[in-house]
Amino acid sequence: MANAQSFSSISFHFLIPMISMFSLSVSSRHSIPNCPKTNTSVINFTSEFVMCQHQVRGSFSVINDCAFKVKDFDMINGGSDVYWWGAVGDSYKNLTNGYVISDEKLNATSYKNESFIVKLSKNVTWDDVKVVAVWKKSLESDFGHVVLEEKTDSPMSPAPAPALSDVKFNGSSVVKVVGEPTMFDNCKVLSDKYRLRWTVRLENNVIDIGLEGAIDIRDYMAFGWADPFKENDHMLGADVAVTGFTEKGHPFVDDYHITKYSECMTNKNGKAEGVCPDTMYVESDDRRERDLVNNTMLVYGHRKDGVSFIRYQRPLKSIDKRYDWNINVKKNMTCIWALGFIKPPDSIRPNYLPENHGKTYGHVHINVSEHVNDCLGPLDNKNKQDQELVIADEMEPLVVTSGPGLHYPNPPNPSKVLYINKKESPLLRVERGVPVKFSIQAGHNVAFYITSDPLGGNVTSRNRSETIYAGGPKAHGVKSKPKVLEWAPNRNTPGQVYYQSFFTQKMGWKVQVVDGGLTDMYNNSVLLDDQQVSFFWTLSKKSISIAARGEKKSGYLAIGFGSKMVNSFAYVGWVDANGKGHVKTYWIDGMNAQSLHPTKEHLTYVRCKSERGIITMEFTRPLDPNCDGDKKIECKNIVEPTSPFPIIWAMGAKWSSDHLTQSNMHSVTSNKPVRVSLIYGSAEVEEDLRPVLAVHGFMMFLAWGMFLPCGILAARYMKHVDGDVWFKIHVYTQWSGLTITFLGILFAAAELRGLHINLLHVKIGILTVILGCIQPINAYIRPKKGDVGEEPSPQRIFWEYIHAYCGRLAVFVGIFAIFSGMKHLGDRYDDENVRGLMRALVVWILAGVLTVLYLEYRRKRHLRHRIFGLGNWVLGDDVDVDEETDLLRRDRIHGVNVDKLALPSERSEIQLEPLST
């Protein structure tokens, strides 16, 4: 049975390469029929790709004059403009002057261990091609290339030239690596972000090991052999190589031995224990003895696309018998691995020391002589940007210089690149709204500028357009006389631009424009209720730019213009599963998902992003939608800058642009609305001021709906009552009404923290108070009446008209002020009770009007009776009737002089007596 299984396994492994060769040959025959093989200098030339970017790896061979074959090809998706490229040399200048050599593009997919044949384009021959590259045309970037000649005109080799050694490897020198250092015979997946590659060379007593991890540049990669005599606790006693990169980006590898599950430390006896380099266990101060226990030798290392790669060598049979284990090539051995953060050297510990690996560790059984390749495709890291980061500070200028391109992040690089604060082509991070100052000292032949083009240089020569945000051909200087350049990115600056040289391409790198400076980008900001949402805005003449940022993690963020969600306009921002931000507008007229109605409000400069679960959304909208008579609901969403308006917020787990359900409802919301004054840049939590406003309204009703009108009625209709009752009622009610008015104003102003003059109700109220205050002043300066029997002077008559009609006008405006106040209360709280109160006030006013009409009728009738003979008056008495009244004097009744009425009549009276029978 075992033999049968073994035979099946052997047959299966034998058939796979046979099938692959057959399919390859079929493809070859159909792809390149009748192609000559005349160029014998490159026919059957075979090499391996130099990895430059996008984890390009594979072998290359020339088939004939028309095609070449690519085998085991790996590449991360590079976009839609990646071509097979030809050049006369592998220098930067030669590559950028190259050309497309095949009509077959490398499409927008990733390649995973793929083999295929590529046909050359017509009129392309191997005589003109010395370098074949995988080339991204838009960025002029070399992903990987093959040099068809041994000689190269590149000033720098793509990989460090290893030292030569023809003797058995003992850990003191490197055995020559044939081919590219990224290529190995075997590959095994240790985890989803960690791979092991190796090649065994028995004749040299050496094993080449490649460790490849999609990790942070500050993390280590560890791999080694466990104690072969232990069945568990594989870490203890293990012989491990720890690899990584220094702070300057240089690769390293050290030989470690594990004696304890802890970081390396010195015990009380002065001996090292834990995860320590072999050299720390040696108590001798002899350097040669220490070097003998470090039997791992670095061959090559790079950091590309967020992936760390280290190649090193170690002996199969080590001369170090204390801390190393020999590798038995004929049997399975237990190997251990781990990933984690590494602590750099300090004044106490001169070595890089691994810290706790957390849960990223494991063990595996490997027979190094068996062929293994279960690594399907390239290793990809989502975070590919690990260049040095420079964060712009408003207080300190950024010093721009130039220097050699040693670790340029986007090869091929020119021989000279831009440095910022002594860092080679770092990723520059700036904040919108925060001015950035550059001190340009790169030389007069390097003009600095900020551009939308990723290459920079002479854009017009490439028939392309660009947007220049700062700098230009005159932005150059030297150390003795630097050029100062200021740039203030705003909220409309794209999230990514580039700093480059105006005359030379690809000397600079990326500028990351972030929104961390929202307080700088916008003129005003407030915290909404519960201080969980920040609201930012900038007013312009016809529009308003708004930003809102949650202060806690959520799936979406919503802000609403209104005192509550129902009957409000809401703006919802969220990021979908593809990482795309959205901002949508809704009209809400209920408490369920079906009550959210999308609107077509015109929003511009829309952005929404999620950083660690914190949602930030931005948009610009017009103050007035100006729908030109359109009756759509969004036409009512008018922002009046002069009036404080309430804002509420809500957060939830997820949102979608359509098919909203109850699961989209908010999980947390504001408790109270916050009233924001857009002009003054202030805000306050909107409290339920209805009790306060109700007291204010009731006091104004007492004053202008009862006391003041009653005083006027008393002055007009009660003068026939004996004594000065009418006068007292008139004076006392007027002063009481004015007093209640001022108390009501002070009460409301104290509770509302001031008077908002921009409100219509306040304006009408001020006019009412002015008219009311005129009356006592007018009464104080009234002209004196004439002597007894004299007619009133014209000044007196004029005063009486002014006094009477100003009082009536004041009451009329006061009633209108009460109506406007009730309307404002209703608009603010959308309270049904307000409408009922307004109806009751209308009924009260109608009752007052009917009462006045009735009293006026009685007054006219009574006056006619007294003048035309009824009562004690004699028909024909020459009585001067004045329809207007002296409201503040007691010696006139209905405009008739009392003294004149008291004089005896000049006519004779005829007394008619009844006859007695």
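Refer to the structure printed above.
Overview of the structure.

Conventions adopted
- Residues numbered from 1 in each chain as written.
- Predicted model: local features only at pLDDT ≥ 70, side-chain atom pairs only at ≥ 80, totals over all residues.
- Heavy atoms only, no water.
- Helix = DSSP H or I, 4+ residues; strand = E, 2+ residues; numbered from the N terminus.
- Polar contact = N/O pair within 3.5 Å; in protein donor to acceptor, adjacent residues only side chain to side chain.
- Contact = heavy atoms within 4.5 Å.
- Pairing = 2+ DSSP bridges.
- Axes fitted to C-alpha atoms, helices over the stretch in contact; angles between N-to-C directions.
- Core = buried A, V, L, I, M, F, W, Y, C linked by side-chain atoms within 4.5 Å.
- Buried < 20%, exposed > 50% of the residue type's maximum accessible area, 1.4 Å probe, protein only.
- Phe/Tyr/Trp six-rings, centres within 6.5 Å; stacked < 30°, edge-to-face > 60°.
- Lys NZ or Arg CZ within 6 Å of the ring centre and 35° of its normal.

1. Some details on the side chain of N381
Looking at the secondary structure, you find N381 in the loop between β23 (361–366) and β24 (389–391). From its side chain, N381 meets the backbone oxygen of G306 in a polar contact 2.7 Å long. For N381, the contacting residues outside a window of four places in its chain are A214, I215, D305, G306 and V307.

2. Details of the sheet that holds strand β7 (residues 111–119)
In space, the four strands of this open sheet follow the order β1-β3-β4-β7, with antiparallel pairing throughout. The sheet is open, and its two borders are formed by β1 (46–48) and β7, each paired with just one other strand. Strand-to-strand twist of the sheet, defined as the mean angle between neighbouring strand axes without regard to direction, takes the value 15°. Judged from the three bridges that link them, β1 and strand β3 (residues 57–62) form a sheet pairing that is antiparallel. Looking across to β3, one finds that E48 is bridged to S59.

3. Considerations on the nonpolar core
Considering soluble globular proteins, one finds that nonpolar side chains tend to be buried as a cluster. Core analysis: the largest hydrophobic core is formed by 27 residues, its most contacted members being L528, F535, W537, I546 and I559. For this core, the elements supplying multiple residues, two or more each, are β36 (533–539), β37 (543–550), β38 (556–561), β43 (614–622), β44 (645–652) and β46 (674–677). Element by element, the count of residues in this core is highest for β44, at four residues. When neighbours within four sequence positions are excluded, F535 is seen to be in contact with N524, S525, V526, L528, I546, A547, I559 and I647.

4. Some words on the packing of aromatic side chains
What describes a pair of aromatic rings is the distance from one ring centre to the other and the angle between the planes of the rings. Counted under the stated rule, the structure contains 34 aromatic pairs. The interplanar angle of 75° and the centroid separation of 5.6 Å between the aromatic rings of Y586 and W655 together place this pair among those described as edge-to-face. A residue pair is termed long-range when its members are at least 10 positions apart, and Y586 in strand β40 (residues 581–588) and W655 in the loop between β44 and β45 (668–669) qualify at 69 residues. Like W655, Y586 is buried. Of the aromatic side chains, those joined through ring pairs into one cluster are F49, F60, F68, F73, W84, Y111, F116 and W126. The residue whose ring lies beneath R808 is Y805, and the NZ or CZ to ring-centre distance is 4.9 Å.

5. Quick notes on the sheet that holds strand β10 (residues 186–191)
Pairing is antiparallel in the open sheet, where five strands are placed in the order β10-β11-β12-β20-β19. If you trace the sheet from one side to the other, it starts and ends with β10 and β19 (297–304), each paired once. Averaged over all pairs of adjacent strands, the angle between strand axes in this sheet comes to 15°, irrespective of strand direction. Taken together, the eight bridges between strand β12 (residues 206–213) and strand β20 (residues 307–315) define a ladder with antiparallel strand orientation. By the bridge assignment, I207 is partnered in β20 with R314.

Honestly, that's just the spatial picture; any functional story needs more than this.
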